[in-house]
Amino acid sequence: MATSSLFQYHIQIFLLSLLLCKIMCTPNIIQCDEKDKSTLLKFKYGITDPSGVLSLWSIKETNCCQWKGVHCDNITGRVTKLNLHCPEIYSNYGHNLDKSQCLTGELDMSCLFDLEFLSYLDLNNNDFNTIQYHGQCKNSSSNIYYLNLSDNDNLQVGNILHWISNLSFLHYLDLNGINLQKETNWFQLVTMLPSLSELYLEDCRLQNIYPSLQYANFTTLKVLDLSYNEFVSELPSWVFNLSSSISIVELSNNFMHGQLPQTLPHFQSLETLSLYNNDLSGLIPNWMGQLEQLKKLDLSDNSFSGSISTSLGNLSSLTYLNLAFNGLTGIVSEQNFLSLSKLNHLVLGSQYLIFDFDSEWIPPFQLQFLELTYLTPNKLPSWIYTQNSLTLLAIVNSRIPLELPNKFWKFVSDQVEYLDLSNNSINVDMSNVLLNSKVVVLGDNNLRGGVPQISPNVTLLRLANNFLSGSISSFLCHKTKEKNNLKYVDISHNLLSREIPDCWMHWRSLLFVNLESNNLVGKIPHSMSFLSNLIALNLYNNMLSGEVPLSLKNCKKLRLLNLGENEFSGAISNWVGQSVIGLKLRSNQFSGNISTTICHLHSLKILDLSNNRLSGSIPSCIRNMTGMISKIESFDSFDVTIPTIDHVNFEFNVNLMLLIKGIKLNYTHSILVVDLSCNNLSGTLPSELFMLIGLNSLNLSHNQFVGKIPQDISKLIQLESLDLSNNLFSGQIPETMSALSFLEALNLSCNNFEGKIPSGTQLQGFTNLSYMENPKICGPPLTKICPQDKKVPNEKQMTEDDDDDDNSDIYSWFYMGLGIGFVTSFWTVLITIFFNRRFRHFYFKCLDRVYDMVI
């Protein structure tokens, strides 16, 4: 009986243990407060959520503590943290962030501050456009210690700092990228935050830094970032009187001038001092060498002078040093680096610095990044070969040819991932060199021989502006066992010859190909159609011929296509991909009508078909080129970022070289151009042409167009340059052209216009050269008086008319003598005008219209 009772007792103990285990092992699911849930839903319904980030925020999902971005207190269930930052996603064709999936609309901070226990709020990198705060929740908002609204680039704010100044517990404030230009008292407001530890106001368009103020009420501040603003003043005194707790000072990329103080500031804890890209001058003070905690020092891109103090060699904690692009003089030797055992990033160089290292010296550091500019003397310091961790090596802008021994190429091949030796006048035969770095930039040298071989590791190769010669077959057709990873290749402006080999199927990762200005012949090989990721193809200024292969349309991501200055022939058909933004086919032998294929290029911004053999009329379907209607889909600053190595991306931009308004310029911003000049086009201008209301430049010169200029030309309100010269246009110049208020270059010469030039408009602000060789037009700026404006002459006027007749004879001889001489001399005179002042001017002959991709 006792045994049975004992057994039951053990069973009960076992069951109790199971129950306790279940209670203890089951996660305690915190239920959110209903008031907080209601507030979060109110916030959601007040904004726009294009990608459904907050799709699970709903009445059906009862526990708001499990909603995305929401964190609750483990005991009370009250919302304490809201993290709704938008991830950084870059566009396919540029370095600009794609925010199409980010939260947008009006940001109601009053609503969020109803979350009375909220202490952490991160809305970084969204796309809110306005912000509202009604000031009704001062008490509930006082718990906020972390606030990040940075990189909401389109956010229109008003008095944002006024309500932030009420956040008495705020430790962390990040408003980077928000326009605070109207916050003229920003300084007074942020100094009202008694607990502030980290302040980030980078790129906020701030203008007043209060340079004369001696002290600022930043008693707890550790991080101060005011870089990329618009401060035009001396260095502020209060910065160097901050408390000893300050660890990071970022004032780079402003317009500050003056000198650093000569006495040691209270910077005992300073770890980062970044003042680059200002206009600071004077000596680098010796007290810099006493900042024992300093890890990063960047004084580059200023006007500092004198020698580099050896006291900097005492900074034993220093990991990053950049003193490049100043006016520093003297000798740099091992004495400048004696105690820099932790240094891993070094950038040095000045036109007046001399590098003089002991050939046997072994540095105390192991660098990862090394950049030397204006290297003098013209040989590498031998200690470079002791650096076994080097991933980035840049030696650029040497004034005399840089000598590179054979062992150099093996050294960089074994370990350097980013190699930049541009602009050094290096004279090396590259035929037998194997390049293995991920990024290789060897442009602007005197490299000769054949194109070097590359390993599958190479992502980016730039060999432009050298003297490489021969065929590129050995480079392109060399087979490797591993997959090639090359994304960018630029061998432009060399002496390459022969045909382009048909081996592009081995290079499917390519995004950019630039073979401009070589001596290549033959046709475009069909294997280029395998480049399905290709964004830009530049074959400008070679001797290529034949028809463009239809298979090129398989390059569906192609945005920029430049085949100008070759000998291509045939029709412009549907080998042009529909994603093209810039199409340059000028100076070839293309013939036939303008294909309706062009009309389907809805993204087109640049269309240059000039100097071909095209005939027929402009198709009415041209209205379908909707990219020419506005600049909403802009390719401003067409930059592309290629990730290469840790912490380093190679960013490059495609400049479209234009010759508009008589000036040859590199345009990196969006400009909309149609150039059909120097063809055999005819007929009247379709009204649909004037539906392209975003056009900045229209050139139809040197064709056989007839009829009147349509009144609809007034719709082209963005037009800056218009050339209709050397056609058969007739009728009066329409009064509606007075609406073209941005017009700066006009050429209507060599047509059959008649009647009076519209008066009282800017059309009279151009010179008579804009209207010459139109015998039937009259009125200012021409000297010819219109019949309706003539008065009955008196005797004196008759005498003057005789003089005018004589002058007319002189002018007729002048115009007869223009001819070829006009081309050679007129532009010499006018270019001076173009470059010295904005002037409404004329350009006459069919000049080269250049929209080069400069890759």
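Our structure's up above, just so we're on the same page.
Residues numbered from 1 in each chain as written. Predicted model: local features only at pLDDT ≥ 70, side-chain atom pairs only at ≥ 80, totals over all residues. Heavy atoms only, no water.

Engineer: Would you explain the environment of glycine 349 in this entry?
Structural biologist: The residue glycine 349 is located in strand E19 (residues 345–349) in this model. Along the backbone, glycine 349 and asparagine 326 are 23 residues apart, and their C-alpha atoms lie at a distance of 8.0 Å. Each residue touching glycine 349, except ones within four places of it in the same chain, is listed here: Leu323, Ala324, Phe325, Phe355 and Thr373. (Helix = DSSP H or I, 4+ residues; strand = E, 2+ residues; numbered from the N terminus. Contact = heavy atoms within 4.5 Å.)

Engineer: What is the right way to look at the packing of aromatic side chains in this model?
Structural biologist: Geometrically, a pair of aromatic rings is defined through the distance of the ring centres and the angle of the planes. Throughout the structure, instances matching the rule amount to 30 aromatic pairs. An angle of 40° between the planes, with centres 5.3 Å apart, marks the rings of tyrosine 172 and tyrosine 200 as tilted. Here tyrosine 172 is found in strand E8 (residues 172–174), whereas its partner tyrosine 200 is found in strand E9 (residues 198–200), with 28 residues between them in sequence. By the burial criterion, tyrosine 172 is buried, and tyrosine 200 matches it. With a centroid separation of 6.4 Å and an interplanar angle of 25°, the aromatic rings of phenylalanine 355 and phenylalanine 357 are classed as stacked. Side by side, phenylalanine 355 and phenylalanine 357 carry an identical accessibility label, which is buried. An aromatic cluster of three or more residues is present, and its members are Trp186, Phe187, Tyr210, Phe218, Phe231 and Trp238. The ring of tyrosine 120 carries lysine 81 above its face, with NZ or CZ at 4.5 Å from the centroid. (Phe/Tyr/Trp six-rings, centres within 6.5 Å; stacked < 30°, edge-to-face > 60°. Buried < 20%, exposed > 50% of the residue type's maximum accessible area, 1.4 Å probe, protein only. Lys NZ or Arg CZ within 6 Å of the ring centre and 35° of its normal.)

Engineer: Is there a simple way to think about the environment of leucine 275 in this case?
Structural biologist: Relative to the assigned elements, leucine 275 resides in the loop between strand E13 (272–274) and strand E14 (279–282). The exposure class assigned to leucine 275 is buried, which follows from its relative accessible area of 0%.

Engineer: Looking at this model, I keep getting lost on helix H7 (residues 406–415). Mind explaining?
Structural biologist: Given 3.6 residues per turn, any residue in an α-helix points the same way as the ones three and four places further on. Restricting attention to buried positions, one finds in H7 the residues Phe408, Trp409, Phe411, Val412, Ser413 and Gln415. Where H7 is buried, its residues meet strand E22 (392–396), strand E23 (418–420) and strand E24 (434–435).

Engineer: Please clarify how the pairing of strand E51 (residues 728–731) should be interpreted in this entry.
Structural biologist: Regular strands place side chains that alternate from one sheet face to the opposite one. The two faces of E51 differ: Phe729 and Gly731 on one face are buried, but Leu728 and Ser730 on the other face are not. With 2 bridges joining them, strand E49 (residues 704–707) and E51 adopt parallel strand pairing. Its bridge partner being in E51, valine 706 is matched across the sheet by leucine 728. (Pairing = 2+ DSSP bridges.)

Engineer: Help me out: how do you make sense of the sheet that holds strand E1 (residues 47–48) in this one?
Structural biologist: Pairing between the strands of a sheet comes from backbone hydrogen bonds, and it takes one of two forms, parallel or antiparallel. Pairing is mixed in the open sheet, where 3 strands are placed in the order E1-E4-E6. Each end of this open sheet is capped by a strand with a single partner; those strands are E1 and strand E6 (127–132). Of the pairings in the sheet, the one linking E1 to strand E4 (residues 104–108) comprises 2 bridges and is antiparallel in character. Opposite threonine 48, over in E4, you have threonine 104 as the bridge partner.

Engineer: Sorry if this is basic, but what is going on with the state of the cysteines here?
Structural biologist: Covalent bonding between the sulfur atoms of two cysteines defines a disulfide. Within this structure, the stated rule accounts for 6 disulfides. Disulfide pairing is shown between cysteine 32 and cysteine 64; the S-S distance is 2.3 Å. Taking the torsion about the S-S bond as the criterion, the cysteine 32 to cysteine 64 disulfide, at about 135°, is right-handed. Of the two residues, cysteine 32 is situated in the loop between helix H1 (2–25) and helix H2 (34–45) and cysteine 64 in the loop between E1 and strand E2 (70–72); the sequence distance between them amounts to 32 residues. We note that cysteine 32, like cysteine 64, is buried. In this model cysteine 477 forms its disulfide with cysteine 503; the gap between the sulfur atoms is 1.9 Å. Because the torsion about its S-S bond is 90°, the bridge between cysteine 477 and cysteine 503 counts as right-handed. One end of the pair, cysteine 477, is in the loop between helix H8 (473–476) and strand E30 (488–490); the other, cysteine 503, is in the loop between strand E31 (495–499) and strand E32 (512–514), with 26 residues separating them in the sequence. (Disulfide = S-S within 2.5 Å.)

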